[in-house]
Amino acid sequence: MSDCVKVLVFPPSLSSMRVMIALEEVRCPYTVETVDMFQWEHLRPEHLRLSPLGSVPVMVTVQGEPLVGEKMLQAVQEMGEGRGMVKLFPDGELGSNVLRFLRKLEDLNVGVLTYGLAFHLEQTTLLRFPFNKEEFFEQSSNYILTRSEKLMDAAEMIRGESLEISEGLKKLAEENQENLPNYLEAEGYDTVLKSFHKVLDFFEDELGRDDRIGRWLGGALVSIADITLGLHLHRLWQLGLEAEYYEEGVRPHLAVFYQSIRARQAFVKITGWREQVGERRVRRPEDDLVQNARWGLGAAAVLGGLYLAKKLLKK
(Lines give C-alpha, C1' and ligand atoms only; values in the text may rest on other atoms or scores of the structure.)
Protein backbone atom coordinates (compact mmCIF):
# COMPACT_ATOMS: atom_id res chain seq x y z
CA MET A 1 0.00 0.00 0.00
CA SER A 2 1.37 3.45 -0.99
CA ASP A 3 1.99 6.04 1.71
CA CYS A 4 0.59 8.86 -0.44
CA VAL A 5 -2.44 9.41 -2.62
CA LYS A 6 -2.42 8.89 -6.37
CA VAL A 7 -4.18 11.20 -8.80
CA LEU A 8 -5.13 10.19 -12.32
CA VAL A 9 -5.18 13.31 -14.47
CA PHE A 10 -5.54 14.62 -18.01
CA PRO A 11 -3.00 17.47 -17.76
CA PRO A 12 -4.75 20.06 -20.01
CA SER A 13 -8.04 19.87 -18.09
CA LEU A 14 -8.87 22.52 -15.50
CA SER A 15 -10.31 19.96 -13.10
CA SER A 16 -7.05 18.01 -13.18
CA MET A 17 -5.01 21.15 -12.55
CA ARG A 18 -7.38 22.13 -9.76
CA VAL A 19 -6.92 18.98 -7.68
CA MET A 20 -3.13 19.11 -8.13
CA ILE A 21 -3.00 22.79 -7.11
CA ALA A 22 -5.17 21.96 -4.09
CA LEU A 23 -2.81 19.13 -3.10
CA GLU A 24 0.18 21.45 -3.49
CA GLU A 25 -1.49 24.18 -1.46
CA VAL A 26 -2.25 21.89 1.48
CA ARG A 27 1.23 20.30 1.15
CA CYS A 28 -0.07 16.78 0.75
CA PRO A 29 2.31 14.34 -1.01
CA TYR A 30 0.90 12.63 -4.10
CA THR A 31 1.86 10.71 -7.21
CA VAL A 32 0.51 11.36 -10.70
CA GLU A 33 -0.70 8.98 -13.40
CA THR A 34 -1.65 10.50 -16.75
CA VAL A 35 -4.82 9.45 -18.54
CA ASP A 36 -4.88 10.47 -22.21
CA MET A 37 -8.51 11.26 -22.94
CA PHE A 38 -7.73 11.91 -26.61
CA GLN A 39 -6.70 8.24 -26.79
CA TRP A 40 -9.88 7.23 -24.90
CA GLU A 41 -7.93 5.79 -21.98
CA HIS A 42 -10.64 7.06 -19.60
CA LEU A 43 -13.13 4.66 -21.22
CA ARG A 44 -11.07 1.55 -20.63
CA PRO A 45 -12.57 -0.95 -18.13
CA GLU A 46 -9.79 -0.42 -15.58
CA HIS A 47 -10.57 3.30 -15.43
CA LEU A 48 -14.34 2.84 -15.45
CA ARG A 49 -14.01 0.65 -12.37
CA LEU A 50 -12.55 3.68 -10.58
CA SER A 51 -14.77 6.31 -12.21
CA PRO A 52 -18.04 4.85 -13.59
CA LEU A 53 -18.64 7.71 -16.04
CA GLY A 54 -15.02 7.87 -17.15
CA SER A 55 -14.46 11.23 -15.50
CA VAL A 56 -10.98 12.59 -14.89
CA PRO A 57 -9.41 13.41 -12.45
CA VAL A 58 -9.68 10.56 -9.96
CA MET A 59 -7.88 10.45 -6.63
CA VAL A 60 -7.07 7.07 -5.10
CA THR A 61 -6.57 7.33 -1.35
CA VAL A 62 -3.89 5.56 0.66
CA GLN A 63 -6.55 2.99 1.54
CA GLY A 64 -7.26 2.41 -2.17
CA GLU A 65 -10.62 4.21 -2.32
CA PRO A 66 -11.26 6.11 -5.59
CA LEU A 67 -12.76 9.58 -5.20
CA VAL A 68 -14.07 12.02 -7.80
CA GLY A 69 -15.66 15.47 -7.86
CA GLU A 70 -16.31 17.50 -4.72
CA LYS A 71 -15.85 14.47 -2.47
CA MET A 72 -12.28 14.24 -3.75
CA LEU A 73 -11.64 17.92 -3.00
CA GLN A 74 -13.13 17.61 0.49
CA ALA A 75 -10.75 14.70 1.12
CA VAL A 76 -7.81 16.87 0.04
CA GLN A 77 -8.73 19.42 2.70
CA GLU A 78 -8.98 16.73 5.37
CA MET A 79 -5.57 15.33 4.45
CA GLY A 80 -4.01 18.77 4.60
CA GLU A 81 -5.56 20.08 7.83
CA GLY A 82 -3.08 22.33 9.60
CA ARG A 83 -0.72 22.54 6.63
CA GLY A 84 -0.48 25.47 4.25
CA MET A 85 -2.12 28.90 4.32
CA VAL A 86 -5.34 27.68 2.72
CA LYS A 87 -8.81 26.56 3.69
CA LEU A 88 -10.37 24.91 0.67
CA PHE A 89 -13.81 24.72 2.30
CA PRO A 90 -14.07 27.29 5.13
CA ASP A 91 -16.49 26.96 8.00
CA GLY A 92 -19.63 29.00 8.68
CA GLU A 93 -20.85 31.80 6.44
CA LEU A 94 -17.58 31.95 4.53
CA GLY A 95 -17.97 28.28 3.70
CA SER A 96 -21.51 28.82 2.44
CA ASN A 97 -20.28 31.65 0.23
CA VAL A 98 -17.43 29.53 -1.14
CA LEU A 99 -19.88 26.77 -2.10
CA ARG A 100 -22.15 29.33 -3.74
CA PHE A 101 -19.21 30.72 -5.74
CA LEU A 102 -18.13 27.22 -6.68
CA ARG A 103 -21.59 26.30 -8.00
CA LYS A 104 -21.69 29.44 -10.11
CA LEU A 105 -18.29 28.65 -11.65
CA GLU A 106 -19.14 25.02 -12.26
CA ASP A 107 -22.20 26.08 -14.25
CA LEU A 108 -19.78 27.46 -16.87
CA ASN A 109 -18.95 25.01 -19.63
CA VAL A 110 -15.16 25.26 -19.83
CA GLY A 111 -15.04 22.18 -22.02
CA VAL A 112 -17.15 23.82 -24.74
CA LEU A 113 -15.18 27.07 -24.41
CA THR A 114 -11.90 25.20 -24.87
CA TYR A 115 -12.59 22.44 -27.35
CA GLY A 116 -15.30 24.31 -29.22
CA LEU A 117 -12.68 26.87 -30.17
CA ALA A 118 -11.34 24.26 -32.61
CA PHE A 119 -14.42 25.04 -34.73
CA HIS A 120 -14.40 28.82 -34.13
CA LEU A 121 -10.78 29.97 -34.29
CA GLU A 122 -11.93 33.33 -35.61
CA GLN A 123 -12.81 34.16 -31.98
CA THR A 124 -9.13 34.62 -31.04
CA THR A 125 -5.86 35.88 -32.44
CA LEU A 126 -3.45 34.17 -30.02
CA LEU A 127 -3.12 30.69 -28.57
CA ARG A 128 -0.80 29.85 -25.68
CA PHE A 129 0.61 26.52 -24.53
CA PRO A 130 -0.65 23.83 -24.92
CA PHE A 131 -3.23 25.17 -27.36
CA ASN A 132 -0.56 26.72 -29.57
CA LYS A 133 0.15 23.26 -31.00
CA GLU A 134 -1.90 22.72 -34.13
CA GLU A 135 -2.36 19.01 -33.39
CA PHE A 136 -4.13 19.88 -30.13
CA PHE A 137 -7.18 21.27 -31.90
CA GLU A 138 -7.08 18.47 -34.45
CA GLN A 139 -7.28 16.04 -31.53
CA SER A 140 -9.96 18.21 -29.88
CA SER A 141 -12.25 18.22 -32.90
CA ASN A 142 -11.85 14.47 -33.34
CA TYR A 143 -12.63 13.96 -29.64
CA ILE A 144 -15.80 16.06 -29.80
CA LEU A 145 -17.09 14.56 -33.04
CA THR A 146 -16.55 10.91 -32.08
CA ARG A 147 -17.18 11.05 -28.32
CA SER A 148 -20.77 9.81 -28.44
CA GLU A 149 -19.76 6.83 -30.55
CA LYS A 150 -16.87 5.97 -28.22
CA LEU A 151 -19.13 6.25 -25.17
CA MET A 152 -21.62 3.84 -26.72
CA ASP A 153 -18.79 1.42 -27.53
CA ALA A 154 -17.57 1.61 -23.92
CA ALA A 155 -21.14 1.08 -22.65
CA GLU A 156 -21.44 -2.09 -24.69
CA MET A 157 -18.01 -3.32 -23.60
CA ILE A 158 -18.71 -2.88 -19.86
CA ARG A 159 -22.33 -4.06 -20.03
CA GLY A 160 -21.55 -7.66 -19.03
CA GLU A 161 -19.64 -6.45 -15.97
CA SER A 162 -21.89 -3.59 -14.82
CA LEU A 163 -25.29 -2.70 -16.23
CA GLU A 164 -25.34 0.46 -14.10
CA ILE A 165 -22.08 1.80 -15.58
CA SER A 166 -23.27 0.84 -19.07
CA GLU A 167 -26.51 2.79 -18.72
CA GLY A 168 -24.66 5.78 -17.29
CA LEU A 169 -22.32 5.89 -20.29
CA LYS A 170 -25.27 5.66 -22.70
CA LYS A 171 -26.94 8.61 -21.02
CA LEU A 172 -23.68 10.55 -21.24
CA ALA A 173 -23.47 9.76 -24.97
CA GLU A 174 -26.99 11.15 -25.49
CA GLU A 175 -26.15 14.32 -23.54
CA ASN A 176 -22.98 14.80 -25.58
CA GLN A 177 -24.96 14.49 -28.82
CA GLU A 178 -27.49 17.07 -27.63
CA ASN A 179 -24.68 19.43 -26.64
CA LEU A 180 -22.89 19.28 -30.02
CA PRO A 181 -24.50 22.47 -31.39
CA ASN A 182 -22.76 24.46 -28.64
CA TYR A 183 -19.44 23.21 -29.98
CA LEU A 184 -20.17 23.33 -33.70
CA GLU A 185 -22.64 26.15 -34.38
CA ALA A 186 -21.69 29.81 -34.14
CA GLU A 187 -24.85 30.69 -32.23
CA GLY A 188 -24.32 27.93 -29.67
CA TYR A 189 -20.69 28.81 -29.10
CA ASP A 190 -21.56 32.50 -28.82
CA THR A 191 -24.04 31.62 -26.05
CA VAL A 192 -21.22 29.95 -24.11
CA LEU A 193 -18.99 33.02 -24.55
CA LYS A 194 -21.79 35.27 -23.28
CA SER A 195 -22.29 33.05 -20.23
CA PHE A 196 -18.68 33.70 -19.24
CA HIS A 197 -19.26 37.45 -19.46
CA LYS A 198 -22.30 37.19 -17.21
CA VAL A 199 -20.58 35.10 -14.53
CA LEU A 200 -17.41 37.20 -14.58
CA ASP A 201 -19.56 40.32 -14.11
CA PHE A 202 -20.79 38.71 -10.90
CA PHE A 203 -17.27 38.04 -9.62
CA GLU A 204 -16.04 41.49 -10.64
CA ASP A 205 -18.78 43.00 -8.47
CA GLU A 206 -18.04 40.54 -5.66
CA LEU A 207 -14.32 41.34 -5.58
CA GLY A 208 -15.05 45.06 -5.74
CA ARG A 209 -17.36 45.16 -2.70
CA ASP A 210 -16.28 47.70 -0.05
CA ASP A 211 -17.30 45.38 2.80
CA ARG A 212 -15.20 42.43 1.66
CA ILE A 213 -13.00 40.78 4.30
CA GLY A 214 -9.67 39.55 2.94
CA ARG A 215 -8.32 39.52 -0.59
CA TRP A 216 -9.74 36.11 -1.54
CA LEU A 217 -13.21 34.73 -2.14
CA GLY A 218 -12.57 32.59 0.93
CA GLY A 219 -11.64 35.61 3.06
CA ALA A 220 -8.08 35.76 4.37
CA LEU A 221 -7.19 32.27 3.09
CA VAL A 222 -7.28 30.78 -0.39
CA SER A 223 -10.32 28.56 -0.96
CA ILE A 224 -11.31 26.07 -3.63
CA ALA A 225 -13.43 28.82 -5.21
CA ASP A 226 -10.31 31.00 -5.58
CA ILE A 227 -8.39 28.19 -7.26
CA THR A 228 -11.34 27.49 -9.56
CA LEU A 229 -11.85 31.13 -10.54
CA GLY A 230 -8.12 31.53 -11.09
CA LEU A 231 -8.08 28.56 -13.44
CA HIS A 232 -11.07 29.87 -15.40
CA LEU A 233 -9.23 33.16 -15.91
CA HIS A 234 -6.09 31.22 -16.80
CA ARG A 235 -7.94 29.26 -19.47
CA LEU A 236 -9.15 32.51 -21.03
CA TRP A 237 -5.52 33.68 -21.01
CA GLN A 238 -4.37 30.44 -22.66
CA LEU A 239 -6.96 30.94 -25.40
CA GLY A 240 -5.94 34.57 -25.95
CA LEU A 241 -9.27 35.92 -24.67
CA GLU A 242 -8.03 37.79 -21.60
CA ALA A 243 -8.33 41.27 -23.18
CA GLU A 244 -11.99 40.67 -23.95
CA TYR A 245 -12.84 39.30 -20.52
CA TYR A 246 -10.76 41.03 -17.85
CA GLU A 247 -7.55 42.76 -18.95
CA GLU A 248 -7.08 46.31 -20.27
CA GLY A 249 -9.60 47.78 -17.82
CA VAL A 250 -12.47 45.47 -18.81
CA ARG A 251 -12.80 43.94 -15.33
CA PRO A 252 -9.99 45.45 -13.23
CA HIS A 253 -10.70 43.57 -9.98
CA LEU A 254 -10.55 40.25 -11.81
CA ALA A 255 -7.31 41.30 -13.52
CA VAL A 256 -5.71 42.00 -10.13
CA PHE A 257 -7.12 38.75 -8.72
CA TYR A 258 -5.65 36.74 -11.60
CA GLN A 259 -2.20 38.26 -11.19
CA SER A 260 -2.32 37.39 -7.48
CA ILE A 261 -3.46 33.78 -7.85
CA ARG A 262 -1.17 32.96 -10.79
CA ALA A 263 1.86 34.14 -8.78
CA ARG A 264 1.29 31.52 -6.08
CA GLN A 265 3.88 28.77 -6.09
CA ALA A 266 1.35 25.96 -6.51
CA PHE A 267 -0.33 27.71 -9.45
CA VAL A 268 3.00 28.38 -11.16
CA LYS A 269 4.15 24.78 -10.70
CA ILE A 270 1.02 23.03 -11.94
CA THR A 271 0.05 25.35 -14.81
CA GLY A 272 3.67 25.74 -15.91
CA TRP A 273 2.93 29.16 -17.33
CA ARG A 274 6.41 30.51 -16.63
CA GLU A 275 8.26 27.69 -18.38
CA GLN A 276 5.82 26.86 -21.18
CA VAL A 277 5.90 30.07 -23.19
CA GLY A 278 4.89 28.77 -26.63
CA GLU A 279 2.47 30.96 -28.60
CA ARG A 280 0.78 30.83 -31.99
CA ARG A 281 -0.80 33.74 -33.81
CA VAL A 282 -4.15 33.02 -35.42
CA ARG A 283 -5.12 34.88 -38.56
CA ARG A 284 -8.71 36.04 -38.76
CA PRO A 285 -10.59 36.50 -42.07
CA GLU A 286 -10.61 40.27 -41.47
CA ASP A 287 -6.83 40.18 -41.15
CA ASP A 288 -6.66 38.90 -44.72
CA LEU A 289 -9.01 41.67 -45.86
CA VAL A 290 -6.82 44.29 -44.18
CA GLN A 291 -3.69 42.73 -45.64
CA ASN A 292 -5.26 42.60 -49.11
CA ALA A 293 -6.26 46.26 -48.76
CA ARG A 294 -2.68 47.13 -47.82
CA TRP A 295 -1.38 45.21 -50.79
CA GLY A 296 -3.92 47.02 -52.97
CA LEU A 297 -2.81 50.40 -51.67
CA GLY A 298 0.81 49.41 -52.12
CA ALA A 299 0.18 48.31 -55.68
CA ALA A 300 -1.72 51.54 -56.39
CA ALA A 301 1.19 53.55 -54.98
CA VAL A 302 3.65 51.66 -57.15
CA LEU A 303 1.52 52.10 -60.27
CA GLY A 304 0.97 55.74 -59.43
CA GLY A 305 4.69 56.22 -59.02
CA LEU A 306 5.39 54.61 -62.38
CA TYR A 307 2.78 56.84 -64.01
CA LEU A 308 4.36 59.99 -62.57
CA ALA A 309 7.82 58.81 -63.54
CA LYS A 310 6.68 58.30 -67.16
CA LYS A 311 5.18 61.79 -67.24
CA LEU A 312 8.41 63.31 -65.94
CA LEU A 313 10.49 61.38 -68.47
CA LYS A 314 8.26 62.61 -71.29
CA LYS A 315 8.93 66.15 -70.20
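Every value quoted in this text rests on a predicted model; they were computed, and no experiment measured them.

So, how was this worked out
- Residues numbered from 1 in each chain as written.
- Predicted model: local features only at pLDDT ≥ 70, side-chain atom pairs only at ≥ 80, totals over all residues.
- Heavy atoms only, no water.
- 1 Å grid on protein atoms, 1.4 Å probe; cavity = no way out; pocket = protein on both sides within 12 Å on 5 of 7 lines; lining within 4 Å.
- Points joined across faces, edges and corners; volume = space filled by probe spheres on them.
- Helix = DSSP H or I, 4+ residues; strand = E, 2+ residues; numbered from the N terminus.
- Nonpolar A, V, L, I, M, F, W, Y, C, P; charged D, E, K, R; others polar.
- Salt bridge = Lys/Arg side-chain N within 4 Å of Asp/Glu carboxyl O.
- Buried < 20%, exposed > 50% of the residue type's maximum accessible area, 1.4 Å probe, protein only.
- Axes fitted to C-alpha atoms, helices over the stretch in contact; angles between N-to-C directions.
- Parallel < 35°, antiparallel > 145°, perpendicular 65-115°, else oblique.
- Contact = heavy atoms within 4.5 Å.

A. How the structure looks around the layout of surface pockets. Of the volumes computed, that of the largest pocket is approximately 1300 Å³. Along the walls of the largest pocket sit 40 residues, with Ser15, Ser55, Val56, Asn109 and Gly111 positioned nearest its centre. When contributions to the lining of the largest pocket are tallied by element, the ones reaching two or more residues are α1 (14–25), α3 (69–79), α4 (92–106), α5 (110–115), α6 (134–158), α7 (163–184) and α9 (224–238). Counting residues per element, the lining of the largest pocket draws most heavily on α7, which supplies 5 residues. Among the residues making up the lining of the largest pocket, the classes are represented as 21 nonpolar, 14 polar and 5 charged.

B. Structural context of the pattern of salt bridges. Inspection of the entire model under this criterion finds 16 salt bridges. Across the pair Glu24 and Lys269 runs a salt bridge whose closest N-O atoms are separated by 2.9 Å. In this pair, Glu24 is assigned in helix α1 and Lys269 in helix α12 (residues 265–271), connecting sequence segments 245 residues apart. For Arg209, the salt bridge is made with Glu206, and the minimal N-O distance between the two is 2.7 Å. Residue class for Arg209 comes out partly exposed when judged on its relative accessible area of 36%. The class for Glu206 is buried, based on a relative accessible area of 9%. Where salt bridges share partners, they join Glu206, Arg209, Asp211 and Arg212 into one cluster.

C. Expanded view of the packing of α1 against α3. Axis separation between α1 and α3 bottoms out at 9 Å; the angle between their running directions is 10°. Taken as axis vectors, α1 and α3 run roughly parallel relative to one another. Seen from α1, the contacting residues are Arg18, Val19, Ala22 and Leu23; seen from α3, they are Met72, Leu73, Val76 and Met79. Looking at side-chain class alone, the contact of α1 with α3 contains 7 nonpolar, no polar and 1 charged residues.

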